[in-house]
Amino acid sequence: MAIDALEAKLRPPADELAPYPSKLITLASGEQMVVREARLADAGALLGTVYPLLGVPKDYYDIVAARMYSEILGWFRYRVANEFVIVGAIDGVIAGIVTSRHVKAGLGMSLHTLTIKRGLRVGAQLFAAKMEHHIDYLGENEVHIVAESPIGFKRWMIEYELEDRSAMYPDLRHELGGVPTFTLTRKLWEAVKPVKCTGVRPVPAELLKTADKLIMPDEYVQLPGWKRGA
Amino acid sequence: MSARIGIVGIGHCRFGNSSEYDLVDVIAYSANDAFRDAGGLHLRKEVDQVLVGNMAAGMFNHQTSVASALISRMDMEPCPAELVENGPASGASAIRLGYMAIASGMADVVLVAAGEVMRVVSGWEATNIVATMAHTEAEYNMGLTLPGFAGMFTRLYMEKYGMTERDLALVAVKDHDNGAKNIYSHVQLPVTIEAIADGENANVVNNYVAEPLRMYSTCPISDGSAAVILVNMDSPKAKLFPKKPIRIAGIASATDTHCVHNRKDPLVLDAVRISAEKAYKMAGVGPKDISLAELHDAFVIFELLNSEEVGFFERGKSFLGVRNRETEIGGRIPINTSGGLKAKGHPVGATGVSQVVELVRQLRGEAEEGRQVKDPKYGMAVNFGGFGNNVVTTILAKD
């Protein structure tokens, strides 16, 4: 099976990553968001959710969507090492997606956070879930983070009081574009976790079931007038 | 005052994030909207005076002479134009000065346009800029910010009168419910008391900003603008405006000590009470005549305190009125039908004008379905500058 041998050479080495346990967050609107690790079978719905945002320059949705699209595709086709995807879904409809990567023992690399449903801090909750996975479940001590949008910078660098390692380690650059790299350390995480990270576990079976088959949103506040399939 | 002065045009943009736009364009949007509402853009040439409300363009946008810029942007030369700065009460102060310009006989038509673009800086920097309104030596240099101040204020009120954090959340739920129906609101999402106060995730979903103030006790940082056109109802120019004016029945301002420490009781907002008393007297009405009120609620504690100072509730009892749903639309005295600063947003310099636009919409019967107060006669707006040290109260009447 030459193709398999070739494919094996093309795939990055993969570590056995601990799973991220699903949780339930009641948003300020009262809506219940199931937060769970995405499965490869979800890739179609995830890609279909991200795709329409490729043309939205406001708040840098275009670049985040483009990069997240490639990250999800790379994850689905085994072209990124140790990537994981976490999704937030309300009644099964995708409200936000985060991507990230385990680099090596003790070190994680946050990739992207894409908020579909805005105004309820969905992105903030999913970013916190991503950090929770890195540090609490994968046992990492540091997560490297960059921001591409001012909103991202305000949410992560400022609100988490992340450490700017640019001056300390001039050679250390996040793999996304080489922009200045900030770091969430275990110590910082423990300090902010009580006010940033929430969720009820286990998720009641009937609610978890609603997020089993992910649904692409029909409309986006980022795309006024746009309707899926129209 | 014998002059009859009314509002014949209103304009408003949706509050939110306009940081991609130039401040002057943002203000011009609402000003043009007001002219369209008043009868057409050609009416720009009838304006005798332009007053622009803005608090901190010099700091937020590195821009000064905003009034001059607006005149050129709107092709309104050689109309006189000035900027009015009174902290977050800049908008209402501009309306008051517009009223005075007409009452003095120096103008018959005044455009008051106000706006702020704040989201060009981080939330922390915006908080810092807004904090410059505090007393420099005694407050700002000590690290006090407005949320910090309001947090202490809220704690004092809770200890004195028995209000709980849940009571604060009830105000937020009411304001968000109204804001969700307002096309101009920054935050158009209703929130539930279970999610922001009672539920297991409430501590994170509604996190502390300055304990006991939480995120949903605090206004968002917003960009936006609003505008009104004032007319001397007895002048020949009034006939150029087809819409029936909504009359400014009373408008008054009052001040209090700049340094809050110098007040006998920090929970007593003398400037609100005195400005309201003067406005009531000018209008010939009292608290029981008011059909609805827009009360400055940068922090929800202010909505409660203001509602006591203007006479809607006894001191220390306003939160009980909220519990009894008296301040909801359909209640005894609907407060912040627009969503208030809490949900509609608070682009500081624009807020006072925005409050008055909401009153005009309500008095005309033009508010959205589910948000319209039934048959209102008088509307009141309280716009709060500084930490209650420079307040403007406006009472509008539907004749």
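Located above this text is the structure these notes cover.
Being a predicted model, the structure only gives us computed values, none of them experimental.

### Observations regarding the overall build of chain B
Secondary structure summary: chain B contains 14 helices and 11 strands in total. For 399 residues, the compact-globule formula gives about 21 Å, and the C-alpha radius of gyration of chain B, at 19 Å, lands near that figure. Structurally, chain B occupies a C-alpha span of about 60 × 45 × 40 Å along its principal axes. The 399 residues of chain B split such that 62% are buried. Here the contacts in chain B between residues at least 6 apart in sequence split such that 76% fall between residues at least 24 apart. Of the roughly 14300 Å² of accessible surface on chain B, 51% is carried by carbon and sulfur atoms. Distance between charge centres in chain B, computed from 38 positive and 46 negative side chains, equals 6 Å.

### Things to note about the overall build of chain A
The helix and strand tally for chain A stands at seven helices and eight strands. Taken against the 2.2 N^0.38 rule, which gives 17 Å for 230 residues, the C-alpha radius of gyration of chain A at 17 Å falls within 12% of a compact globule. For the C-alpha atoms alone, the extent of chain A along its principal axes is close to 50 × 50 × 40 Å. The buried share of chain A, reckoned over its 230 residues, is 50%. Surface accessibility of chain A: about 10600 Å² in total, with carbon and sulfur atoms responsible for 58%. Side-chain charges in chain A split into 28 positive and 28 negative, and the spacing between the mean points of these groups amounts to 2 Å.

### Points about the nonpolar core
One finds Tyr280(B), Ile301(B), Phe312(B), Met380(B) and Ile395(B) to be the most contacted residues of the largest nonpolar core, which totals 60 residues. Residues Ile7(B), Val84(B), Ala107(B) and Ile246(B) belong to the second largest nonpolar core, which totals 32 residues.

### Notes on the pattern of salt bridges
All names here are of chain A. With the rule as written, the count across this model stands at 42 salt bridges over all chains. Linking Arg 201 and Glu 132 is a salt bridge whose minimum nitrogen-to-oxygen distance equals 3.1 Å. Of this pair, Arg 201 sits in the loop between α6 (186–196) and α7 (205–210) while Glu 132 sits in helix α4 (residues 122–137), and the two are 69 residues apart along the sequence. Using a relative accessible area of 30% as the deciding quantity, one classes Arg 201 as partly exposed. Here the salt bridges share partners, and the residues they tie into one network are Arg 121, Arg 155, Glu 159 and Lys 196.

### Remarks on the sheet that holds strand β4 (residues 93–104) of chain A
All names here are of chain A. Strand order in the open sheet formed by eight strands is β1-β2-β3-β4-β5-β6-β8-β7, and the pairing between neighbours is mixed. Of all strands in the sheet, those bounded by a partner on one side alone are β1 (23–26) and β7 (163–164). The pairing of β1 with strand β2 (residues 32–37) spans four bridges and is classified as antiparallel. Its bridge partner being in β2, Leu 24 is matched across the sheet by Val 34. Lying over the sheet, helix α3 (residues 61–76) contacts β3 (83–90), β4 and β5 (107–115), oriented at roughly 125° with respect to β5.

### Quick word on the packing of helix α2 (residues 43–50) of chain A against α3(A)
Each packed pair of helices is defined by two parameters, the angle between the axes and the distance between the axes. Residues and elements named next belong to chain A. Packing of α2 against α3 leaves a shortest axis separation of 9 Å and a crossing angle of 165°. Here α3 runs roughly antiparallel to α2, going by the angle between their axes. Judged by the sense of rotation from one axis to the other, the crossing of α2 with α3 is left-handed. For the pair formed by α2 and α3, the contact residues are Ala 43, Leu 46, Leu 47 and Val 50 on the first element and Ala 65, Met 68, Tyr 69, Ile 72, Leu 73, Trp 75 and Phe 76 on the second.

### Brief notes about helix α4 (residues 90–103) of chain B
Residues and elements named next belong to chain B. The end-to-end C-alpha distance of α4, which contains 14 residues, comes to 20 Å, matching closely the 20 Å that a straight helix rising 1.5 Å per residue would cover. Taken across its 14 residues, α4 has 10 buried, putting it largely inside the fold. Ser 90, Gly 91, Ala 92, Ser 93, Ala 94, Ile 95, Gly 98, Tyr 99, Ala 101 and Ile 102 are the residues of α4 that are buried. Looking at the residues trailing α4, positive phi occurs at Gly 105, about 90°.

### Remarks on the interface of chain B and chain A
Counting from both sides, the interface comprises 20 residues of chain B and, opposite them, 24 residues of chain A. Of the roughly 1700 Å² buried between chain B and chain A on both sides combined, carbon and sulfur atoms contribute 57%. Contact with chain A buries area across many residues of chain B, yet Leu189(B), Asn201(B) and Val204(B) alone supply 32% of it, more than any other trio. The interface formed by chain B and chain A contains one salt bridge. A salt bridge links Glu20(B) to Lys58(A); the nearest nitrogen and oxygen atoms lie 3.5 Å apart. Where chain B packs against chain A, one counts six residue pairs in polar contact (both at pLDDT 80 or more). Of all elements in the fold, only α5 (123–131), α8 (193–198) and α9 (202–205) of chain B reach the threshold of two or more residues within the side of chain B that touches chain A.

### Description of the environment of Ser100(A)
Residue and element names in this part refer to chain A. Structurally, Ser 100 can be placed in strand β4. Its relative accessible area of 0% is what places Ser 100 among the buried residues. When the C-alpha positions of Ser 100 and Asn 82 are compared, they lie 8.5 Å apart, and in sequence the two are 18 residues distant. Filtering out sequence-adjacent residues up to four positions away, Ser 100 remains in contact with Asn 82, Glu 83, Phe 84, Met 109, Ser 110, Leu 111, Lys 130 and His 134. A polar atom in the side chain of Ser 100 sits 3.2 Å from the backbone oxygen of Met 109. For Ser 100, the side chain forms a polar contact with the side chain of His 134, separated by 2.4 Å.

### Concerning the packing of aromatic side chains
Inspection of every chain in the model, using the stated rule, returns 14 aromatic pairs over all chains. Grouped by ring-pair contacts, the aromatic residues Phe149(B), Phe153(B), Phe299(B), Phe302(B), Phe384(B) and Phe387(B) constitute a single cluster. The ring of Tyr78(A) carries the charged tip of Arg11(A) above its face, separated from the ring centre by 3.8 Å. It is Arg201(A) that lies over the ring of Tyr20(A); its NZ or CZ is 5.2 Å from the centre.

Definitions and limits used
- Residues numbered from 1 in each chain as written.
- Chains lettered and ligands numbered in written order.
- Predicted model: local features only at pLDDT ≥ 70, side-chain atom pairs only at ≥ 80, totals over all residues.
- Heavy atoms only, no water.
- Helix = DSSP H or I, 4+ residues; strand = E, 2+ residues; numbered from the N terminus.
- Rg over C-alpha atoms; globule rule 2.2 N^0.38 Å.
- Buried < 20%, exposed > 50% of the residue type's maximum accessible area, 1.4 Å probe, protein only.
- Contact = heavy atoms within 4.5 Å.
- Areas by Shrake-Rupley, 256 points an atom, 1.4 Å probe, with all protein chains shown as cover.
- Lys, Arg positive; Asp, Glu negative; His and termini not counted.
- Charge placed at Lys NZ, Arg CZ, Asp CG, Glu CD.
- Core = buried A, V, L, I, M, F, W, Y, C linked by side-chain atoms within 4.5 Å.
- Salt bridge = Lys/Arg side-chain N within 4 Å of Asp/Glu carboxyl O.
- Pairing = 2+ DSSP bridges.
- Axes fitted to C-alpha atoms, helices over the stretch in contact; angles between N-to-C directions.
- Parallel < 35°, antiparallel > 145°, perpendicular 65-115°, else oblique.
- Left-handed = near helix turned anticlockwise from the far one by under 90°.
- Expected span 1.5 Å × (residues − 1).
- Buried area = accessible area lost by both parts, 1.4 Å probe.
- Polar contact = N/O pair within 3.5 Å; in protein donor to acceptor, adjacent residues only side chain to side chain.
- Phe/Tyr/Trp six-rings, centres within 6.5 Å; stacked < 30°, edge-to-face > 60°.
- Lys NZ or Arg CZ within 6 Å of the ring centre and 35° of its normal.

Fair warning: the whole summary comes from geometry, so function is off the table for now.
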